[in-house]
Amino acid sequence: MPAGFQQLGGERITGTLALSVFTAVLGSLEFGYNIGVINAPQKIIEAEYNATWTHRYSEPIPEATLTSLWSLSVAIFSIGGMFSSFCVGIISEWLGRRKAMLINNLLAFIGGGLMGMSKISQSFEMMILGRFTIGAYCGLASGLVPMYVGEISPTNLRGALGTLHQLAIVTGILIAQILGLESLLGSEELWPVLMGITVIPTVLQMALLPFCPESPRFLYIIRCQEHHAKSGLRRLTGRLEVSEDLAEMKEEKRRMDMERKVSIAELFRSPLYRQPIIIAILLQLSQQLSGINAIFYYSTSIFQKAGVESPVFATIGAGVVNCAFTVVSLFLVERMGRRTLHMLGLAGMCVCAIVMTIALNLLEGVPWMSYISMLAIFGFVAFFEVGPGPIPWFFVAELFSQGPRPAAMAVAGCSNWTANFIIGMGFQYIANLCGPYVFLIFAALLLFFLLFTFFRVPETRGKTFDQISANFHRHPQTMMDMDLDMELDKPSTELEYLGAEGTEH
């Protein structure tokens, strides 16, 4: 085997493909970092807000105002992401996938700069504006990264490489948790550095992106640049002969030329796209409404009850489990399939949520139940990273062909961010009302998403974009029937598939 190549799943991973995927997921790493970075220094930043308020108005900040300012500092990140995720389709079509990622880094520079300079400027407004700006960056990155990685990956590696987006997110969260320790950057003097170093992955991505090819699918199907698309395919695959890959794209372009440009409204109006977009939205909701954020919210207090001296380290332990099981899913996603893994993850999380509810209720009378709670937390996190964590992010790219894909990515991304915002703002109140029974709500939601996945979500492993969409378009059968049809008569290439389809009529 030539130097610079690695074998995975029967497909060679070239140096260019590895570099391109690594460079793209630096955006995901930054996304994860900014999710996790705000939690550790909460008390220190709140004290800084109080100091700023006292400096301005010569009196301490009212408790309600401080709570509102802090909630806004956390939640406005999701609002920024919500707005920008709707622009993913427009920006990716206008600039191209690679250039859009490059220019998006400007938002990260502005956001990181505002947050890093907020202490020295004695301005909590800068902190809040910085969180909004970095949220806008993350909203675009959460759509652009899976889109680019999905389009440059070979069909049989799309799942494994797509999972790297989620792996980078959880790695970013873990890095933020570790750097946020008071002994490192989570101190009164150094927290602005903690907020500001988010620009480091930005600098690295801007330095590497010029060496990565633009998505050949975008170049050929949207820009009609066959020569550049061929050149990109050769760099990504390491093969001079790329006619098979080009044949798939040609057929996708032919079909796309036959249909009008798909708007967001048409995704819901057209019977061709209605079922796939509902699946895409519900998969995104299954990630955010699974209760994973609630688990991280509760973990520190549960670890304290279990007698752990430094619960912050136990929370970091949960972050390590997070990363470890994302790696596990990386190897399972092409062997077991997306649908199977998603159902396994949802079922496991549902069981862990029920166990946690029982353990939390018995905690007062049975002290050792706190250890069952700890195990349930680690199990919940592990099952999340096997299924609902990584899978929804790249499933959307596989359910839609090139035409409706950007609009579908925008809708799915906005759904994810909206659910994220609702959980962020509403969980505190629901938890106060329901106590430990809050996890029964998540268990019920997880059961609903499990049943929906079983009856409505198709398997996309090893299938071309057109094979997946053709089964939606031809006949509205159940997903089990669709999977069976595809497995019994699965063509080995796009051309064989088209030939077989032609002989049917």
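Residues numbered from 1 in each chain as written. Predicted model: local features only at pLDDT ≥ 70, side-chain atom pairs only at ≥ 80, totals over all residues. Heavy atoms only, no water.

Peer 1: Please clarify how the pattern of salt bridges should be interpreted in this entry.
Peer 2: Opposite charge on two side chains permits them to pair, given that their charged atoms come into close proximity. A full pass over the atoms with the stated rule returns 10 salt bridges. Here Glu125 and Arg56 are joined by a salt bridge, their closest N and O atoms 2.8 Å apart. In this pair, Glu125 is assigned in helix α6 (residues 124–152) and Arg56 in helix α2 (residues 42–57), connecting sequence segments 69 residues apart. A residue is classified by how much of its surface remains accessible, and Arg56, at 33% relative accessible area, is partly exposed. Residue Arg254 pairs with Glu251 through a salt bridge whose shortest N-O separation is 2.5 Å. (Salt bridge = Lys/Arg side-chain N within 4 Å of Asp/Glu carboxyl O. Helix = DSSP H or I, 4+ residues; strand = E, 2+ residues; numbered from the N terminus. Buried < 20%, exposed > 50% of the residue type's maximum accessible area, 1.4 Å probe, protein only.)

Peer 1: Help me out: how do you make sense of the confidence of the model for the chain in this one?
Peer 2: Interpreting fine coordinate detail is not advised for predicted regions of low pLDDT. With 86% of its residues at a pLDDT of 70 or more, the chain has an overall mean of 82. Confidence over residues 1–10 falls short of pLDDT 50; this stretch has 19 contacts with residues more than four positions distant or in other chains. Below pLDDT 50 for its whole length, residues 475–505 participates in 48 contacts with residues either more than four positions away or in separate chains. (pLDDT = per-residue confidence, 0-100. Contact = heavy atoms within 4.5 Å.)

Peer 1: What is the right way to look at the packing of helix α5 (residues 97–117) against helix α9 (residues 199–208) in this model?
Peer 2: Helix packing for two helices is described by the angle between their axes and how far apart those axes are. With their axes 9 Å apart at the nearest point, α5 and α9 run at an angle of 155° to one another. Comparing the axis directions of α5 and α9 gives the class roughly antiparallel. Taken as a pair, α5 and α9 cross one another with a handedness that is left-handed. Within the contact between the two elements, α5 uses Met101, Leu102, Asn105, Ala108, Phe109 and Gly112 and α9 uses Val199, Thr202, Val203, Gln205 and Met206. Residues of the contact of α5 with α9, tallied by class, amount to seven nonpolar, four polar and no charged. (Axes fitted to C-alpha atoms, helices over the stretch in contact; angles between N-to-C directions. Parallel < 35°, antiparallel > 145°, perpendicular 65-115°, else oblique. Left-handed = near helix turned anticlockwise from the far one by under 90°. Nonpolar A, V, L, I, M, F, W, Y, C, P; charged D, E, K, R; others polar.)

Peer 1: Explanation requested: helix α18 (residues 369–386) in the structure shown.
Peer 2: Counting along an α-helix, one turn takes 3.6 residues, and residues three or four places apart therefore face a common direction. Compared with the 26 Å implied by 1.5 Å per residue over 18 residues, the 25 Å span of α18 between its first and last C-alpha is a close match. In terms of burial, α18 is a largely internal element, 13 of the 18 residues being buried. (Expected span 1.5 Å × (residues − 1).)

Peer 1: Could you clarify how one ought to interpret the packing of aromatic side chains in this entry?
Peer 2: For any two aromatic rings, the description comes down to two numbers: the centre-to-centre distance and the angle of the planes. A full pass over the atoms with the stated rule returns nine aromatic pairs. With centroids separated by 5.3 Å and ring planes inclined at 25°, the aromatic side chains of Phe31 and Trp417 adopt a geometry described as stacked. Here the residue Phe31 occupies a position in helix α1 (residues 15–36), and Trp417 occupies one in helix α20 (residues 405–434), the gap between them amounting to 386 residues. With relative accessibility at 1%, the residue Trp417 sits in the buried group. Taken together, the aromatic side chains of Tyr49, Trp53, Tyr57 and Phe124 make up a single cluster linked through ring pairs. Its guanidinium or amino end placed over the ring of Phe124, Arg56 lies 4.8 Å from that ring's centre, counting from NZ or CZ. (Phe/Tyr/Trp six-rings, centres within 6.5 Å; stacked < 30°, edge-to-face > 60°. Lys NZ or Arg CZ within 6 Å of the ring centre and 35° of its normal.)

Peer 1: What is the right way to read a nonpolar patch on the surface from this model?
Peer 2: A cluster of nonpolar side chains, Ile354, Ile358, Leu362, Tyr437 and Leu440, forms an exposed patch at the surface whose accessible area comes to about 440 Å². By secondary structure assignment, the location of Leu362 is in the loop between α17 (338–361) and α18. (Patch = residues over 30% accessible without salt bridge, like charges linked within 9 Å, V, L, I, M, F, W, Y side chains within 5 Å. Areas by Shrake-Rupley, 256 points an atom, 1.4 Å probe, with all protein chains shown as cover.)

Peer 1: Even after reading the chapter, I still don't get the nonpolar core, so can you show me in this structure?
Peer 2: A general tendency of soluble globular proteins is for nonpolar side chains to be buried together. Within the largest apolar cluster, 123 residues are counted, with the highest numbers of intra-cluster contacts made by Tyr49, Leu267, Phe380, Phe400 and Phe439. It is α6 that provides the largest number of residues to this core, a total of 14 residues. Residues contacting Leu267, with those up to four places away along its chain left out, are Val262, Tyr273, Arg274, Ile277, Phe400, Pro404, Ala407, Ala408 and Val411. Among the nonpolar cores identified, the runner-up in size contains 10 residues, and Ile221, Ala229, Leu233 and Met256 belong to it. (Core = buried A, V, L, I, M, F, W, Y, C linked by side-chain atoms within 4.5 Å.)

Peer 1: I would appreciate a short explanation of the side chain of Thr237 in the present structure.
Peer 2: Mapped onto the elements, Thr237 comes out in helix α11 (residues 226–237). Of note is the side chain of Thr237, whose polar atom sits 2.7 Å from the backbone oxygen of Leu233. One polar contact links the side chain of Thr237 to the main-chain amide nitrogen of Arg239, over a distance of 3.3 Å. (Polar contact = N/O pair within 3.5 Å; in protein donor to acceptor, adjacent residues only side chain to side chain.)

Peer 1: I keep staring at unusual backbone geometry and nothing clicks. Help me out?
Peer 2: In most cases, non-glycine residues show a negative phi, while peptide bonds are predominantly trans. With a phi angle near 60°, Ser58 is a residue other than glycine that sits in the positive phi range. Positionally, Ser58 belongs in the loop between α2 and α3 (63–85). What makes Ser58 exposed here is its relative accessible area of 66%. Backbone geometry places Gln122, a non-glycine residue, at a positive phi of 50°. One can find Gln122 in the loop between α5 and α6. For Gln122, a relative accessible area of 36% puts it in the partly exposed group.

Peer 1: Looking at this structure, I do not really get the side chain of Glu30. What am I missing?
Peer 2: The topology assignment puts Glu30 in helix α1. Among buried Asp, Glu, Lys and Arg side chains, Glu30 stands out as unpaired, with Arg131 the closest opposite charge at 10 Å. (Lys, Arg positive; Asp, Glu negative; His and termini not counted.)

Peer 1: Looking at this model, I keep getting lost on the packing of α17 against helix α21 (residues 438–456). Mind explaining?
Peer 2: It is at 9 Å that the axes of α17 and α21 come closest, and there the two elements cross at 160°. What the angle tells us is that α17 and α21 run roughly antiparallel. Of the two possible hands of crossing, α17 and α21 adopt the one that is left-handed. Contact with α17, carried on its side by Arg339, His342, Met343, Leu346, Ala347, Met349, Cys350, Ala353, Ile354, Met356, Thr357 and Leu360, involves Phe439, Leu440, Ala443, Leu446, Leu447, Phe449, Leu450, Thr453 and Phe454 of α21 and no other residues of that element. Per-class residue counts for the contact of α17 with α21 are 17 nonpolar, three polar and one charged.

Peer 1: Please explain α6 as it appears in this structure.
Peer 2: With 29 residues, α6 extends 41 Å between its outermost C-alpha atoms, agreeing within 8% with the 42 Å of an ideal straight helix rising 1.5 Å per residue. The principal kink in α6, of about 25°, is found at Ala141. Most of α6 is tucked away: 25 of the 29 residues are buried. (Bend = angle between axes of the 7 residues up to and from the residue.)

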